[in-house]
Amino acid sequence: MNKKNVMPQIVDLGREACYGLLEAVGFGHLGFSADDRPYVVPIHFAIEEPFVYFFTTEGKKTEIIDQNPNVCLQVERVADSRNWESVIIEGTAVILDQEAEKEKAMSLILAKNPNLTPAFSIRWMDSWVRENISVVYKIVPETITGRQTIQHERAI
């Protein structure tokens, strides 16, 4: 019996396609590390090539980035196990302290994520209530890679 089965093949994405996925999705997972302990969080972000901008409030993320600014952003769009694409950016997180650059970054971020969630959706409660102090970063990419599946028919 000669049936056709669609087998996915994985191919690399070019730089333009990687930035296209980043622009389309605007949500991913940011990984960083301090004291040899990895930490990964979901984030909303905005891009203006080549930079990725994100907003957060002071807390564990900012403490880790202060210790080690090397970060990795992973983004994916998945239809199913045979139809997906993914991008990974490795780079350096730089806190924005120039007002004009912060304003530009925030306008891009707010266009993608008007409610600034989850940064302002959670109030940390411990022995005191932490004040929400806003922090804006840009990721300066060192590498950007991407992959996607393409369908390939084969007889089985």
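Source: prediction; values computed, not measured.

Here the focus is the pairing of strand S5 (residues 51-57). The element S5 is largely enclosed, with a buried count of six among its seven residues. Pairing of strand S4 (residues 46-48) with S5 involves three bridges; the strand directions are antiparallel. From the neighbouring strand, Ile 47 faces S5, where its bridge partner is Val 52. A loop of two residues connects S4 with S5, the two strands running antiparallel in sequence.

Quick look at the confidence of the model for the protein chain now. In the predicted model, the protein chain carries a mean pLDDT of 87, and 83% of its residues have values of at least 70. Per-element confidence in the protein chain is highest for strand S7 (residues 83-95), whose mean pLDDT is 97, and lowest for strand S1 (residues 4-12), whose mean pLDDT is 80.

Turning our attention to helix H1 (residues 15-25). In an α-helix, one turn spans 3.6 residues, which is why side chains three or four residues apart end up on the same side. All of the buried residues in H1 are Cys 18, Tyr 19, Leu 21 and Leu 22. The buried side chains of H1 occupy one side of the element, clustering within an arc of 155 degrees when seen end-on. Once H1 ends, the next one or two residues include Gly 26, with phi positive near 70 degrees.

Cut-offs applied
Throughout, residues of each chain are indexed from 1 in the direction in which the sequence is written. For this predicted model, a pLDDT threshold of at least 70 governs which residues receive local features, and a threshold of 80 or more governs which side-chain atom pairs are given and counted, while totals over whole chains, interfaces and linings are taken from all residues. The basis for every side-chain value is the complete set of non-hydrogen atoms in the structure, without hydrogens or water. Exposed residues in this analysis have more than 50% of their type's maximum accessible area, buried residues have under 20%, and partly exposed residues fall in between, with area computed by a 1.4 Å probe over protein chains only. Only runs of H or I of at least four residues qualify as helices and only runs of E of at least two qualify as strands under DSSP, and these elements are numbered from the N terminus. Criterion used throughout: strands pair if DSSP finds at least two bridges between them. The quantity known as pLDDT measures the predictor's confidence residue by residue, on a range of 0 to 100. Taken from the helix axis, the directions to the C-beta atoms give the arc we talk about.

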